[in-house]
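Fold and geometry: a report
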Amino acid sequence: DESMNVLAEFTTSCFYLIQVLVIYAFMCYIKSLRYDLEGKLKKVVLFWLIPAIIMAILIIINHWNGMMFYFTSSGEYIRGPYNIWMYLFALVYVVLAAVDSVIHYKDLGNKRYVTIWAVIIVAGICVIIQAASNHLLMTGFGIGLVILILWGLGIATSILGTAFT
């Protein structure tokens, strides 16, 4: 049914856009732990926004070219030749976040460092599973786990009275 394919394409496009937004927000979060809002952070945030905007444009124009993904007439999801760009985009941001956290470990402190690496590990495992299987969308699951980890750390902070983030 054509209307179901349109709905599937729309929801998948939204999912892809959310993935880009979450990865960008994660990078901004890590940078915000070290930079003030008035100074360098604003420049860093704007700089890292450029690749995110490019990915968002590629996802939006996918509607007309199907280069990221498309659905067959029977409703089957097919990865397009540019689908790998989503994984490369995520990989670059995650590697940069990991390297940044290692380089600036002393500035971040142990608790923030552990939080950053918990997010990186959970998201990384889910992205690897998703990349290996065409039919599993694990990134949303990973995002949910990350939110649960951060929420759990927030509860632990309020109970124990120590800053986990």
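Residues numbered from 1 in each chain as written. Predicted model: local features only at pLDDT ≥ 70, side-chain atom pairs only at ≥ 80, totals over all residues. Heavy atoms only, no water.

The next subject is the nonpolar core. By size, the foremost hydrophobic cluster in this structure holds 24 residues, and its most contacted members are Tyr16, Val20, Met55, Met68, Met86, Phe89 and Tyr93. Of all the secondary-structure elements, those providing two or more residues to this core are α1 (2–32), α2 (40–65), β1 (69–71) and α3 (84–103). Tallying contributions element by element places α1 first for this core, with eight residues. Here Tyr93 is in contact with Ile23, Tyr24, Met27, Trp48, Pro51 and Ala52, once residues within four sequence places are set aside. Counting residues in hydrophobic clusters, the runner-up holds nine residues, among them Ala97, Ala98, Val119 and Ile120. (Core = buried A, V, L, I, M, F, W, Y, C linked by side-chain atoms within 4.5 Å. Buried < 20%, exposed > 50% of the residue type's maximum accessible area, 1.4 Å probe, protein only. Helix = DSSP H or I, 4+ residues; strand = E, 2+ residues; numbered from the N terminus. Contact = heavy atoms within 4.5 Å.)

We now examine the environment of Ser73. Looking at the secondary structure, you find Ser73 in the loop between β1 and β2 (77–79). Judged by its relative accessible area of 70%, Ser73 is exposed. Separated by 69 residues in sequence, Ser73 and Met4 have C-alpha atoms that sit 9.7 Å apart. Ser73 has contacts with Asp1 and Asn5, leaving out every residue within four places of it along the chain.

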